[in-house]
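Examining the three-dimensional arrangement
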Amino acid sequence: MPAPPPDARSFLSEVVSVTPCGADGVLLALRPERALGAVRASRFFMLRREDGLSPAIPRPFSIYRQSGDSIEFLLKVMGRGTRALAACSPGQKVRTIGPLGNGWPALDGDGPPWVMLAGGVGVAPFHMAIEQALAGMDGRAPARPEQLFFLFGAANAGMLYDLAAFERLPARVFTATVDGSHGARGNVLELLSDLQRRGVIPQRVRLAACGPERMLEAVQHFADERGLECWLSLESLMGCGVGICNACPVPTKPDGPRGSWPNVKCCVEGPVFKSDEIALHA
Ligand SMILES: Cc1cc2nc3c(=O)[nH]c(=O)nc-3n(C[C@H](O)[C@H](O)[C@H](O)COP(=O)(O)OP(=O)(O)OC[C@H]3O[C@@H](n4cnc5c(N)ncnc54)[C@H](O)[C@@H]3O)c2cc1C
Ligand code: FES
């Protein structure tokens with residue numbers, strides 16, 4: 001498969017720092033060689049070390065934070081690509097392609113509260129999402145802190161990556177772990193149901209979720225059953241990231257707004273989809 005062609009979105013960045021995060025993650029801070037405008041949360045970049053130690057095909061990562069002239073990524077070490085990036089030293093060069101994809105819609109304050117559901121490293125697109133929701137986007141009313149519920153779930157406490165940074169944000173943060181090592185025991189949907197049962201979170205909410213595909217299937221099912229507005233940020237396998245290789249098809253709902261075509265490309269038409277556009281669960 002050919003590497004993506006060099007274009008205006010392809011540039012080099014210098015590694016500023018690599019900091020361990022949680023049980024198996026790192027925070028990778030990069031300084032792009034040219035200025036980037038403000039990036040929308042849940043847009044992503046393809047990253048690859050420039051010294052040949054990464055696989056030829058760069059890997060996609062959501063932007064985690066942006067400040068001054070640097071951008072930061074939160075990586076869970078999975079295989080060769082993430083191992084190589086996690087082993088970078090300051091000063092090394094990283095091929096950086098982006099920003100790509102669409103990003104979250106405006107998480108505005110004009111409507112029911114937002115419940116953000118993150119599973120494991122699916123937390124990455126939410127730090128800036130919360131900041132941007134509070135600042136207001138696209139000319140829409142900013143969300144107020146009490147309209148933002150952030151529910152962070154993981155297998156165990158070590159995979160609640162950078163939880164302290166989220167707890168510093170003015171949103172209401174709750175956690176769930178499958179082994180019960182932090183917060184409620186169980187998954188984020190069980191946590192949401194419990195918080196709704198106890199009246200902490202209202203029944204009428206809007207959902208934004210990112211995490212493993214099985215979690216997103218369950219969130220879609222939850223939203224469908226209750227008729228809730230729901231946005232899903234997918235972490236599909238990708239090849240080029242720019243729409244040329246067809247490695248990232250996502251099935252559409254035949255009767256949904258994108259149903260005239262059987263698949264959409266996650267990289268260019270996503271990674272964020274409205275739940276009624278795509279068919280994750282049978
Ligand atoms: C839009 C987008 C945003 C993403 N954002 C982040 C992020 O912020 N932080 C982060 O850590 N990861 C993120 N990912 C996932 C990340 O791209 C993969 O973990 C990475 O490509 C793995 O590369 P690797 O070479 O280390 O592993 P590989 O050697 O390619 O794979 C190792 C193992 O992980 C599995 N795997 C690889 N990619 C995925 C995936 N996407 N979903 C499920 N299983 C997978 C493989 O099947 C294999 O079993 C994102 C993916 C997408 C599409
Ligand atoms: S990753 Fe190549 S078309 Fe989407």
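What you see is a predicted model, and the numbers here were worked out from it, not measured in a lab.

Some thoughts on the sheet that holds strand β13 (residues 230-233)
- Taking strand neighbours across the sheet as the criterion, the seven strands line up as β11-β10-β9-β8-β12-β13-β16 in an open arrangement whose pairing is mixed. Either end of the sheet is taken by a strand with one partner, and the two such strands are β11 (184-185) and β16 (272-274).
- In this sheet, strand β10 (residues 172-177) lies alongside strand β9 (residues 148-154) in parallel orientation, the contact comprising six bridges. For Leu 151, the partnering residue across the bridge sits in β10 and is Phe 174.

Quick look at the domain arrangement of the protein
- Examined at the domain level, the protein breaks down into domain 1 (10-99) and domain 2 (114-277).
- A straight line from the C-alpha centre of domain 1 to that of domain 2 covers 22 Å.
- At the interface, 23 residues of domain 1 touch 24 residues of domain 2.
- Looking at the side of domain 1 facing domain 2, the largest losses of area belong to Ser 42, Phe 44 and Tyr 64, adding up to 27% of the total buried there.

Brief notes about unusual backbone geometry
- With omega at 0 degrees, the peptide bond leading from Gly 98 into Pro 99 counts as cis.
- As for its position among the elements, Pro 99 is in strand β7 (residues 93-100).
- Of note, the bond from Gly 270 into Pro 271 is cis; its omega dihedral lies within 30 degrees of zero at 10 degrees.
- Residues other than glycine seldom take positive phi values, yet Asp 138 does so here, at roughly 55 degrees.
- With respect to the helices and strands, Asp 138 occurs in the loop between α2 (126-135) and β9.
- For Asp 138, a relative accessible area of 51% puts it in the exposed group.
- The backbone of Asp 162 shows a phi angle near 55 degrees, a positive value even though the residue is not glycine.

Some words on the environment of Arg 214
- Of note, Arg 214 is situated in helix α5 (residues 213-226).
- Spatially, the C-alpha atoms of Arg 214 and Leu 280 are 8.6 Å apart, while their sequence positions differ by 66 residues.

Observations concerning the side chain of Ser 10
- Tracing the chain through its elements places Ser 10 in strand β1 (residues 10-21).
- A distance of 3.2 Å separates a polar atom in the side chain of Ser 10 from a polar atom in the side chain of Arg 95.

Quick notes on the pattern of salt bridges
- Counted by the stated rule, this structure contains 17 salt bridges.
- As a salt-bridge pair, Asp 69 and Arg 31 come within 3.5 Å of each other at their nearest N and O atoms. Of this pair, Asp 69 sits in the loop between β5 (65-67) and β6 (70-76) while Arg 31 sits in strand β2 (residues 25-32), and the two are 38 residues apart along the sequence.
- We classify Arg 31 as partly exposed; its relative accessible area is 34%.
- Among the salt bridges present, the one from Glu 50 reaches Arg 95, with a minimum N-O distance of 3.2 Å.

Rules behind the numbers
- Residues numbered from 1 in each chain as written.
- Chains lettered and ligands numbered in written order.
- Predicted model: local features only at pLDDT ≥ 70, side-chain atom pairs only at ≥ 80, totals over all residues.
- Heavy atoms only, no water.
- Pairing = 2+ DSSP bridges.
- Helix = DSSP H or I, 4+ residues; strand = E, 2+ residues; numbered from the N terminus.
- Domains from an automatic or database assignment.
- Contact = heavy atoms within 4.5 Å.
- Buried area = accessible area lost by both parts, 1.4 Å probe.
- Buried < 20%, exposed > 50% of the residue type's maximum accessible area, 1.4 Å probe, protein only.
- Polar contact = N/O pair within 3.5 Å; in protein donor to acceptor, adjacent residues only side chain to side chain.
- Salt bridge = Lys/Arg side-chain N within 4 Å of Asp/Glu carboxyl O.

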